[in-house]
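What follows is the residue order along each chain.
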Amino acid sequence: MTQPALRLAGVSRRFGALQAVRDVSFDVMPGERRAVLGPNGAGKTTLFNTICGDYPPTAGSIALFGEDITGLRPHRRTRMGIGRTYQTSLLFNGLTVLDNLFIAVRGLRPNRFSFLRPARGDAGLAKARELAERMRLSHLLGTEVLNLSHGQRRQLEVGMALAGDPRLLMLDEPAAGLSPGDRPELLRLLRELPRTLTLVLIEHDMDIALPAADIVTVMKDGEVVVEATPDRIAQDPVVQAIYLGGGH
Ligand SMILES: Nc1ncnc2c1ncn2[C@@H]1O[C@H](COP(=O)(O)OP(=O)(O)OP(=O)(O)O)[C@@H](O)[C@H]1O
């Protein structure tokens, strides 16, 4: 039987008296695109952070390809194959696209704190260029990040999350703040990611979550309320009540 890429079993997270995530269980199979959708305060980001290791769950367990990672710190999870983006951008604004990608590639190497100008022919540099190509940023290699559009910054963030060749890519609201014009490009990039990669996408917006996902998990008040394919989600009465009934 195929091992799930990610298994959440009864995951809960409390902040004092507030139960931000309550008894969440689901499996994400290798290569799957899973969107976790829900209104503000549903617990999506908290769930994301328990998977990435920022906050350990207060109950339940998390397994990555069959290995229990519940108590591991974020950097150990990175080494085990979780790549992620952050809600707050971690890009180096004064550096170029290529430098940012090079740093991300080098960040996973033993000499990670010695950022030196890459020498021509450096394998890390080749990898950084390849990531830029995958993210359709090759024409902007020498552009400083502060001159990128919002959408291009998002593309770069996804590229940096891919630098360590993750098996599971976790994206936290990748389309947040993007203009309508920037969204199709981001969706295209997400759809082009190879199926060797498993993708979990936390998303507030149905217009991004549904086209990007194979299966959508809808949360509200810390709990999973619906899990279904995108075509069913849009029609689901519970989801309609959340999104049209003032819960959004
Ligand atoms: N570090 C924290 N300390 C205390 N309460 C928190 C913390 N992080 C989140 N919460 C609370 O947990 C609940 C769930 O928040 P969370 O950010 O996970 O929801 P969300 O679905 O990601 O919402 P949004 O779409 O607005 O980001 C909210 O009531 C929030 O105020």
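Residues numbered from 1 in each chain as written. Predicted model: local features only at pLDDT ≥ 70, side-chain atom pairs only at ≥ 80, totals over all residues. Heavy atoms only, no water.

Peer 1: Can you lay out the overall build of the protein chain for me, pointing to particular residues and giving the numbers?
Peer 2: What the protein chain contains, in helices and strands, is nine helices and ten strands. For 248 residues, the compact-globule estimate of 2.2 N^0.38 gives 18 Å, and the protein chain sits close to it at 18 Å. In terms of overall dimensions, the protein chain has a C-alpha envelope of 55 × 40 × 40 Å along the principal axes. Of the roughly 11700 Å² of accessible surface on the protein chain, a fraction of 51% belongs to carbon and sulfur atoms. Charge centroids of the protein chain, computed over 30 positive and 27 negative side chains, lie 6 Å from each other. (Helix = DSSP H or I, 4+ residues; strand = E, 2+ residues; numbered from the N terminus. Rg over C-alpha atoms; globule rule 2.2 N^0.38 Å. Areas by Shrake-Rupley, 256 points an atom, 1.4 Å probe, with all protein chains shown as cover. Lys, Arg positive; Asp, Glu negative; His and termini not counted. Charge placed at Lys NZ, Arg CZ, Asp CG, Glu CD.)

Peer 1: Requested: an account of the site of the ligand, with residues and values cited.
Peer 2: Close contacts around the ligand come from 14 residues, with N40, G41, K44, T45 and T46 the closest. Within the backbone of A42, one N or O atom sits 3.0 Å away from an oxygen atom of the ligand. Between T46 and the ligand, the recorded distance is 2.5 Å, taken from a side-chain N or O atom to an oxygen atom. Looking at the shell around the ligand, the elements that each hand over two or more residues are β2 (18-28) and α1 (44-52). When residues of the shell around the ligand are assigned to their parent elements, the largest contribution, three residues, is made by α1. A class-by-class count of the residues in the shell around the ligand yields six nonpolar, six polar and two charged. (Near = heavy atom within 4 Å. Polar contact = N/O pair within 3.5 Å; in protein donor to acceptor, adjacent residues only side chain to side chain. Nonpolar A, V, L, I, M, F, W, Y, C, P; charged D, E, K, R; others polar.)

Peer 1: Lay out the sheet that holds strand β1 (residues 6-15) in plain terms, naming residues and giving numbers.
Peer 2: Pairing is antiparallel in the open sheet, where four strands are placed in the order β2-β1-β4-β5. This sheet does not close on itself; its edge strands, each paired only once, are β2 and β5 (67-68). Note: β1 against strand β4 (residues 59-64), five bridges, orientation antiparallel. By the bridge assignment, L6 is partnered in β4 with L64. (Pairing = 2+ DSSP bridges.)

Peer 1: Outline the side chain of R183, supporting the account with residue identities and numerical values.
Peer 2: Counting through the fold element by element, R183 comes out in helix α6 (residues 183-192). Apart from the residues lying within four places of it in its own chain, the contact partners of R183 are A175, L178, D205, D207 and I208. (Contact = heavy atoms within 4.5 Å.)

Peer 1: Talk me through a nonpolar patch on the surface; I want residue IDs and the actual numbers.
Peer 2: Together, F15, L18 and Y55 give the surface a local cluster of nonpolar side chains, amounting to about 260 Å² of exposed area. Note that L18 resides in strand β2. Judged by its relative accessible area of 53%, L18 falls in the exposed class. (Patch = residues over 30% accessible without salt bridge, like charges linked within 9 Å, V, L, I, M, F, W, Y side chains within 5 Å. Salt bridge = Lys/Arg side-chain N within 4 Å of Asp/Glu carboxyl O. Buried < 20%, exposed > 50% of the residue type's maximum accessible area, 1.4 Å probe, protein only.)

Peer 1: Before we move on, can you summarise the sheet that holds strand β6 (residues 82-84) with the specific residues and values?
Peer 2: The strands making up a sheet are joined through hydrogen bonds of the backbone, oriented either antiparallel or parallel. Pairing within the open sheet is mixed, and its six strands lie in the order β6-β7-β8-β3-β9-β10. Either end of the sheet is taken by a strand with one partner, and the two such strands are β6 and β10 (223-228). Sheet twist, expressed as the mean angle between neighbouring strand axes with direction ignored, is 20°. Here β6 pairs with strand β7 (residues 168-172) via three bridges, running parallel. The residue of β7 that forms the bridge with R84 is M170. (Axes fitted to C-alpha atoms, helices over the stretch in contact; angles between N-to-C directions.)

Peer 1: How would you explain the pairing of strand β9 (residues 215-220) if you had to name every residue and give the values?
Peer 2: Direction of pairing for strand β3 (residues 33-37) relative to β9: parallel, over a ladder of four bridges. Across the sheet, residue A35 finds its bridge partner in β9, namely V216. Here β9 runs beside β10; their pairing, made up of five bridges, is antiparallel. Looking at β10, one finds that K220 is bridged to E223. Counting the residues that bridge the hairpin from β9 to β10 gives two residues, and of these D221 lies at a positive phi of roughly 50°.

Peer 1: Any details on the packing of helix α3 (residues 97-106) against helix α5 (residues 150-161)? Residues and values, ideally.
Peer 2: Packing of α3 against α5 leaves a shortest axis separation of 9 Å and a crossing angle of 25°. Relative to α5, α3 is oriented roughly parallel. Seen along the crossing, α3 lies across α5 with a hand that is right-handed. Between α3, through V97, N100, L101 and A104, and α5, the contact on the second element is made entirely by L156, G159 and M160. Of the residues that constitute the contact of α3 with α5, the class distribution is five nonpolar, two polar and no charged. (Parallel < 35°, antiparallel > 145°, perpendicular 65-115°, else oblique. Left-handed = near helix turned anticlockwise from the far one by under 90°.)

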